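Chain by chain, the residues run as shown.
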Amino acid sequence: MGVHFGWWDRDGNSLRSNPGKSLRSALVILSCRALGGSSHQALPAALAVEMAHNASLLHDDIIDNDRLRRGRASLWSAMGVPAAILAGDALFFGSVHALTGAPHADRTVPVLLSAVQTLIEGEYLDTLMEKDATATLDDALDMIAGKTAALLSCACSLGAILSGADDERVEPLGRFGLLLGLAFQCTDDVLGIWGDPESTGKPAMSDLRSRKLSVPIALAINESSQPGERLRALYRRKESPTEAECRTLAHELESHGVREAVVELARENAQEALAALNSCDPDPVTVEELAKLTKMILERSS
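Within every chain, residues take consecutive numbers counted from 1 along the sequence as written. Selection of residues for local features in this predicted model requires a pLDDT of at least 70, selection of side-chain atom pairs for listing and counting requires 80 or more, and totals for whole chains, interfaces and linings are taken over all residues. By convention in this description, side-chain values take in all heavy atoms of the structure and omit both hydrogens and water.

A. Representation of the overall build of the protein. Helical segments are the DSSP runs of H or I of at least four residues, strand segments are the runs of E of at least two, and each set is numbered from the N terminus. Of regular secondary structure, the protein possesses 15 helices and two strands. Its C-alpha atoms put the protein at 55 × 50 × 30 Å along the principal axes. Counting every position in the protein, which comprises 302 residues, the buried fraction comes to 51%. Should any heavy atoms of two residues lie within 4.5 Å, those residues are counted as being in contact. The contacts of the protein with a sequence gap of at least 6 include a subset with a gap of at least 24, amounting to 71%. In these tables, accessible area is a Shrake-Rupley quantity obtained with a 1.4 Å probe, and a residue counts as shielded only by the protein chains included in the view. By element, 54% of the accessible surface of the protein is carried by carbon and sulfur atoms, the whole surface being about 13,700 Å². Think of it in three bands: residues with accessible area under 20% of the maximum for their type are buried, residues over 50% are exposed, and the middle band is partly exposed, with areas taken using a 1.4 Å probe on protein chains only.

Rendered as C-alpha cells:
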C-alpha cells in the first residue's frame, strides 16, 4: 500500500511523490462542515472513502493493464498482480473497518457498502462496453454513475451523516456528490483523449488507444459523421489503433465539437450539483469552499 501511495519505493526507501488529489476525503470533511459538523468528526469517513477509492484504482489498473498511475509505475507492474489484488482487498476491508468504531456506524456502513457494490457494478459495465461500437451516451453515463459518481455521492453522504444531520438534509449532499461525480468523469474523459501526459501521468490519448467507451466516444460513435465512421471501424477491429490513427481521431473529434460538448456537459452537471447543495440550508462559508472545489474539478489538467 505504501508503494501505491508513493510513501516509499519497493525497497522501503522514503519517497516524496504525488499521493493523488484526496478529492473524496475533502468532500467528506466539507460535507460534514456544511451541515454544522467539524473536520474531526468527519475523519473516519474521510479515511474510509480514500481507502475504498484506492482499492478500486489498484484493481482497475490490473483490469485495464495500465502500467502508470500518478506518473509512476502502477503497483501491479512494480510488484506483481498478486500484491496489487491483495493490497486492494485489504484497503476495501480497511475502509469498512474505519467506520465500524465511529459514531453513526449503523447509518454509515450500509451507505459505504452500497456505494462499493455500485462501484464494482460500474467497473464491470466498463469492461463489457470496451470496444463496443453500439453503446450510447446514456450507456456511458449509466456506467460512470456507478464507476465514479457513486463514491463521490457516498463521500458527501457520509460526511453529512457524521455531522449528525437527519436523512432529509443528507439526501441533497448525496445528490451534490453524484452530479459532481458526473462532472468529474466528463472532465476526466476529456483529459483521457486530449490531456497532457506530463500533467495526467498517463500516456497521451490513452482512452483512444485502449478503445474505452468514454463520454466523448459515446457522443460520437453513433453519429453519421467521419469521426463516427472511423470510431466504429476502429472499435470493431481486432488490432489496436496506431499512434497516427489516435492523433487523427483526436483532432477530428475536437474539430467536430465533441470536446466542447463534453466540457459543457460537465458544466451543466456542476451547476445542478451546486443547486442541490444549496437546497439543504448549508453553512455559507463551506458552500463557498465546495464551489471552489467544483471549479477546480472543471478546470483541472490532471
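B. Representation of the packing of aromatic side chains within the structure. Here a pair means two rings of Phe, Tyr or Trp (six-membered ring of Trp) with centres within 6.5 Å. Their orientation is stacked below 30 degrees between planes, edge-to-face above 60, and tilted elsewhere. For the coordinates displayed, the defined rule picks out two aromatic pairs. Sitting over the ring of phenylalanine 184, arginine 24 keeps its end group 5.5 Å from the ring centre. Counting as a charge over the ring demands two things of the Lys NZ or Arg CZ atom: a distance within 6 Å of the ring centre and an angle within 35 degrees of the ring normal. Over the face of the ring belonging to phenylalanine 184 we find arginine 300, whose NZ or CZ atom lies 3.9 Å from the ring centre.

C. Structural context of helix H13 (residues 243-255). The end-to-end C-alpha distance of H13 is 18 Å, a good match for the 18 Å that 13 residues give at a rise of 1.5 Å each. Regarding H13, the residues found buried are Cys246, Leu249, Ala250, Glu252 and Leu253. Axial view of H13: buried residues confined to an arc of 165 degrees, hence all on one face. Residues His251 and Ser255 are exposed on H13 and point more than 90 degrees away from its buried face. In this structure, the buried side of H13 is in contact with helix H8 (167-194), helix H10 (206-209), helix H11 (215-221), helix H12 (226-236) and helix H14 (258-278). Immediately downstream of H13, the backbone of glycine 257 shows phi near 85 degrees, a positive value. Each helix should span, by expectation, one fewer than its residue count multiplied by 1.5 Å. By arc we mean the arc of the directions from the helix axis to the C-beta atoms, nothing more.

D. Layout of the nonpolar core. Only buried Ala, Val, Leu, Ile, Met, Phe, Trp, Tyr and Cys residues count toward a nonpolar core, and they belong to the same one when joined by side-chain atoms within 4.5 Å. In this structure, Leu27, Phe176, Leu208, Ile217, Leu231, Leu253 and Leu290 are the most contacted members of the largest nonpolar core, which totals 89 residues. The leading source of residues in this core is helix H7 (residues 137-162), at 13 residues. Residues contacting leucine 27, with those up to four places away along its chain left out, are Leu152, Ala155, Cys156, Phe176, Leu180, Leu290 and Leu293.

E. Structural context of a nonpolar patch on the surface. Like charges are joined within 9 Å and nonpolar side chains (Val, Leu, Ile, Met, Phe, Trp, Tyr) within 5 Å, but only among residues with over 30% relative accessible area and no salt bridge; these make up the patches. The salt bridge criterion pairs a side-chain nitrogen of Lys or Arg with a carboxyl oxygen of Asp or Glu, the two atoms within 4 Å. A surface patch of nonpolar side chains, about 240 Å² in accessible area, is lined by Val81, Ile85 and Leu86. The topology assignment puts isoleucine 85 in helix H5 (residues 81-100). On the basis of relative accessible area, isoleucine 85 is assigned to the partly exposed category, the value being 34%.

F. A look at the side chain of arginine 70. Within the element layout of this structure, arginine 70 appears in the loop between strand S1 (68-69) and strand S2 (72-73). One buried charged residue, arginine 70, remains without a salt bridge, the closest side chain of opposite sign being glutamate 50 at 5.1 Å. Identification of polar contacts relies on pairs of N or O atoms within 3.5 Å, with a donor-acceptor requirement for protein atoms, meaning one able to donate a hydrogen and the other able to accept it, and with residues adjacent in sequence counted only if both atoms are side-chain atoms. Within the structure, arginine 70 has its side chain in polar contact with the side chain of asparagine 54 (distance 3.1 Å). Note that His is not counted, nor are the chain ends; the positive residues are Lys and Arg, and the negative ones are Asp and Glu.

G. Examining unusual backbone geometry more closely. If you check the backbone angles, histidine 104 has positive phi at about 60 degrees while not being a glycine. Following the sequence through the fold, histidine 104 ends up in the loop between H5 and helix H6 (105-128).

H. Region of interest: the state of the cysteines. Working definition: a disulfide is two cysteine sulfur atoms within 2.5 Å of each other. Counted under the stated rule, the structure contains zero disulfides. The thiol of cysteine 32 is not disulfide-bonded; the next cysteine sulfur, from cysteine 156, is found 12 Å away. Residue classification places cysteine 32 among the buried positions, given a relative accessible area of 0%.

I. The pattern of salt bridges, seen in detail. Within this structure, the stated rule accounts for 16 salt bridges. Between glutamate 252 and arginine 230 there is a salt bridge; the shortest N-O distance is 3.0 Å. With glutamate 252 in helix H13 and arginine 230 in helix H12, the pair connects residues that are 22 residues apart, well separated along the chain. By relative accessible area, arginine 230 is classed as partly exposed at 38%. Bridged by salt links that share partners, the residues Asp64, Asp126, Glu130, Lys147 and Lys212 form one connected network.

J. Representation of the environment of methionine 205. Looking at the secondary structure, you find methionine 205 in the loop between helix H9 (197-200) and H10. When the C-alpha positions of methionine 205 and leucine 293 are compared, they lie 26 Å apart, and in sequence the two are 88 residues distant. For methionine 205, the residues in contact, after removing those within four places along its chain, are Gly192, Ile193, Glu243, Cys246, Arg247 and Ala250.

K. Representation of the packing of H6 against H7. Angles run from 0 to 180 degrees between N-to-C directions of axes, and those axes are lines fitted to C-alpha atoms, restricted for helices to the stretch in contact. In the contact formed by H6 and H7, the axes pass within 7 Å of each other and the chain directions differ by 170 degrees. Looking at the two axes, H6 sits roughly antiparallel to H7. Note on element contacts: H7 touches H6 through Met143, Gly146, Lys147, Ala150, Leu151, Cys154, Ser157, Leu158, Ile161 and Leu162, opposite Arg107, Thr108, Val111, Leu112, Ala115, Thr118, Leu119, Gly122, Glu123, Leu125 and Asp126. Each residue belonging to the contact of H6 with H7 can be placed in one class, and the counts come to twelve nonpolar, five polar and four charged. Throughout, the term roughly parallel applies to angles under 35 degrees, roughly antiparallel to angles over 145, roughly perpendicular to angles from 65 to 115, and oblique to all others. Nonpolar residues are Ala, Val, Leu, Ile, Met, Phe, Trp, Tyr, Cys and Pro. Charged residues are Asp, Glu, Lys and Arg, and all others, Gly as well, are polar.

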